[in-house]
Amino acid sequence: MNLLLVQPDYKAAFISLGGIRKMLEYTAAGSKSNTATLLICHSMDGSGVAEKDVWDYGVDKIERLVRGLLEETLKKDEYLRLEDFLEVLVCLSHSEKHRNLLCMSRPTVDFLLWCYPRIITKFKKEVQLVTSFVSYCSNLCMGETLLKNELEKNLLGVLASLTRIIETENKLRRFIDLQKSCYNLISNLLTKESLRDSIGAN
């Protein structure tokens, strides 16, 4: 993995040999592995990776896997797989290059809008999953983005769901991190003064 971080040639070889797909298959098969997650993140990030590879081997595949899992009745280990997939997307969204594409992608925005009611309500039992999801949404609401515009259409509902999490008393560190992610998303959503005034009036 260290070679992927410092050697563009190794990264290119990893991709051309189907490395991203292999790591996704490994995770999709039910294997919880931080190494696999990091390999996917590092191999898809950076100037040495073609955008088509990122979308075909990464984002599109992950979104389909997440949607498929959420359509089922999940067991605990399957929630861990969801966490892995979402962590890859969060990692990608830290890259300005990828974030600019993700936040304006209609398939990605539709995917997140579909996921929102299915994930956000699980905050009491699946804290890390919801934290990753909220963090991903927050990153894709930085500036004027398609996701932000769509969430604004149901802003009161979104804020109500986030406020419910913030007002829940839980002193566990991971739950506090979730609440911080909720504050970040709210902050990114309410950058327009007109929206803040509207919320204040309600």
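Residues numbered from 1 in each chain as written. Predicted model: local features only at pLDDT ≥ 70, side-chain atom pairs only at ≥ 80, totals over all residues. Heavy atoms only, no water.

Draft legend 1. Spatial organisation of the overall build of the protein chain. When you go through the protein chain residue by residue, the secondary structure sums to 13 helices and zero strands. Counting helices and strands in the order they occur from the N terminus, the protein chain gives α-α-α-α-α-α-α-α-α-α-α-α-α. By the burial criterion, 49% of the 202 residues in the protein chain qualify as buried. Considering only contacts within the protein chain whose residues lie at least 6 apart along the sequence, 72% involve residues at least 24 apart. Here the protein chain has roughly 10,400 Å² of accessible surface; of this, 52% comes from carbon and sulfur atoms. (Helix = DSSP H or I, 4+ residues; strand = E, 2+ residues; numbered from the N terminus. Buried < 20%, exposed > 50% of the residue type's maximum accessible area, 1.4 Å probe, protein only. Contact = heavy atoms within 4.5 Å. Areas by Shrake-Rupley, 256 points an atom, 1.4 Å probe, with all protein chains shown as cover.)

Draft legend 2. Region of interest: the environment of I120. Turning to its location among the elements, I120 is positioned in the loop between α8 (106–119) and α9 (127–139). As a C-alpha pair, I120 and F133 span 13 residues in sequence and 8.0 Å in three-dimensional space. Setting aside its immediate chain neighbours within four residues, I120 contacts V130, V134, S161, L162 and I165.

Draft legend 3. View of the side chain of E126. Among the secondary structure elements, E126 is positioned in the loop between α8 and α9. For E126, the contacting residues outside a window of four places in its chain are K76, Y79 and E83.

Draft legend 4. Representation of the packing of helix α6 (residues 76–93) against α9 in the model. Contact geometry of α6 with α9 gives a least axis separation of 9 Å together with a crossing angle of 25°. By the angle between their axes, α6 is roughly parallel relative to α9. Considering the relative orientation of α6 and α9, their crossing is left-handed. Touching Y79, L82, E83, L86, E87, L89, V90 and S93 of α6 are Q128, L129, S132, F133, Y136 and N139, all from α9. (Axes fitted to C-alpha atoms, helices over the stretch in contact; angles between N-to-C directions. Parallel < 35°, antiparallel > 145°, perpendicular 65-115°, else oblique. Left-handed = near helix turned anticlockwise from the far one by under 90°.)

Draft legend 5. Quick peek at the packing of α8 against α9. With their axes 11 Å apart at the nearest point, α8 and α9 run at an angle of 145° to one another. Taken as a pair, α8 and α9 cross one another with a handedness that is left-handed. For the pair α8 and α9, contact is made by T108, L112, C115, Y116 and I119 and by L129, V130, F133, Y136 and C137, respectively. Grouping the constituent residues of the contact of α8 with α9 by class yields nine nonpolar, one polar and no charged. (Nonpolar A, V, L, I, M, F, W, Y, C, P; charged D, E, K, R; others polar.)

Draft legend 6. Structural detail: the packing of aromatic side chains. Summed over the entire model, instances satisfying the criterion amount to two aromatic pairs. Here R67 stacks its cationic end above the ring of W114, 4.5 Å away from the centre of that ring. (Phe/Tyr/Trp six-rings, centres within 6.5 Å; stacked < 30°, edge-to-face > 60°. Lys NZ or Arg CZ within 6 Å of the ring centre and 35° of its normal.)

Draft legend 7. Region of interest: the pattern of salt bridges. Applying the stated criterion across every chain, the model contains five salt bridges. The closest approach of N and O atoms between R106 and E150, which form a salt bridge, is 3.2 Å. Residue R106 is found in helix α8, and its partner E150 is found in helix α10 (residues 146–152); the two are separated by 44 residues along the sequence. Connected through shared salt-bridge partners, R106, D110, E150 and K153 make up one network. (Salt bridge = Lys/Arg side-chain N within 4 Å of Asp/Glu carboxyl O.)

Draft legend 8. Layout of the environment of E126. Using a relative accessible area of 7% as the deciding quantity, one classes E126 as buried. Considered as a pair, E126 and L80 are 46 residues apart in the sequence and their alpha carbons are 9.1 Å apart.

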